[in-house]
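Survey of secondary and tertiary structure
Here are the chains, one letter per residue:
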Amino acid sequence: IAAQESNGYKAGGIDLRCGMMRVGTNQIVRTYNKQIREYGKKGQWWVALQFFHDMRQQGVVPVIITYNGLISACAKGKQLERALEIFGTMQRQGIVPNVITYNALISACEKGKQPERALEIFGTMQQQGIEPDIITYRALISACEKGTAFNCIPSCKSLSILITFCGTPNNGQY
């Protein structure tokens, strides 16, 4: 809302805030999450971050969807360090990351051309017992392709998991 006001959308921001006062807390959280997601998709991570700050100033408690949207917005905007800061904040708030959180972080590493960090995050994800999905592996492979590290080769176990997860090709043909 403050983000809208600072970007010349004052009337829209006021209307949004007034409208939110008439609905319940869950709807307010969903409204903020939607704004964070939408501005993140546009690559405007700073506006998404403004919505996050406004949300907290209003006493609205962010949920995992909020943090995931914000980390994704930072990933899209190539803001790896900011994404990692948000991840740390999320954990300090007692919110447990899920596969979407880790996928967004790995994607941020990929866009920041930091494959070693992507592998570290992948390792942490596995240590936490969170099952990677196809998006995890795609982001990890992309991070390794775009990175400059020659040691960014997934372990045999990871490759085996990837093959198992994705399935085997039809009679050896893709």
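Not measured: the values here are computed from a predicted model.

The rules behind each value
Residues numbered from 1 in each chain as written. Predicted model: local features only at pLDDT ≥ 70, side-chain atom pairs only at ≥ 80, totals over all residues. Heavy atoms only, no water. Helix = DSSP H or I, 4+ residues; strand = E, 2+ residues; numbered from the N terminus. Buried < 20%, exposed > 50% of the residue type's maximum accessible area, 1.4 Å probe, protein only. Contact = heavy atoms within 4.5 Å. Areas by Shrake-Rupley, 256 points an atom, 1.4 Å probe, with all protein chains shown as cover. pLDDT = per-residue confidence, 0-100. Salt bridge = Lys/Arg side-chain N within 4 Å of Asp/Glu carboxyl O. Axes fitted to C-alpha atoms, helices over the stretch in contact; angles between N-to-C directions. Parallel < 35°, antiparallel > 145°, perpendicular 65-115°, else oblique. Left-handed = near helix turned anticlockwise from the far one by under 90°. Nonpolar A, V, L, I, M, F, W, Y, C, P; charged D, E, K, R; others polar.

Our focus in this paragraph is the overall build of the chain. Looking only at helices and strands, the chain has 10 helices and zero strands in total. Per-residue burial for the chain yields a buried fraction of 42% across its 174 residues. Partitioning the contacts of the chain with sequence separation of at least 6, the portion at a separation of at least 24 is 58%. Surface exposure of the chain reaches about 10,100 Å², of which carbon and sulfur atoms provide 53%.

The predicted model of the chain has a mean per-residue pLDDT of 80, with 70% of residues at 70 or higher. Here residues 168-174 scores under 50 on pLDDT; set against residues more than four positions off or in separate chains, the count is two contacts.

Here the focus is the pattern of salt bridges. Taken as a whole and assessed by the stated rule, the structure comprises two salt bridges. Across the pair Arg117 and Glu81 runs a salt bridge whose closest N-O atoms are separated by 2.4 Å. Here Arg117, found in helix α8 (residues 115-127), pairs with Glu81, found in helix α6 (residues 80-92); they are 36 residues apart in sequence, far enough to count as distant. The closest approach of N and O atoms between Lys111 and Glu110, which form a salt bridge, is 3.4 Å. Relative accessible area serves as the criterion here: at 30%, Lys111 is assigned to the partly exposed category.

Moving on, we get to unusual backbone geometry. Among all residues except glycine, the phi angle is most often negative; among peptide bonds, the trans geometry is most common. A positive phi angle, near 60°, is found at Lys78, a position not held by glycine. Along the polypeptide, Lys78 turns up in the loop between α5 (64-76) and α6. According to the relative accessible area criterion, Lys78 is exposed, its value standing at 59%. One non-glycine residue, Lys113, lies in positive phi territory at about 55°. Position of Lys113 relative to the elements: it lies in the loop between α7 (99-111) and α8.

The subject of this paragraph is the packing of α7 against α8. Direction vectors running N to C along α7 and α8 enclose 165°, while the axes themselves pass 8 Å from each other. Between α7 and α8, the angle is such that the two are roughly antiparallel. Relative to α8, the crossing made by α7 is left-handed. Within the contact between the two elements, α7 uses Val99, Tyr102, Leu105, Ile106 and Cys109 and α8 uses Arg117, Ala118, Ile121, Phe122, Thr124 and Met125. In terms of residue class, the contact of α7 with α8 is built from nine nonpolar, one polar and one charged.

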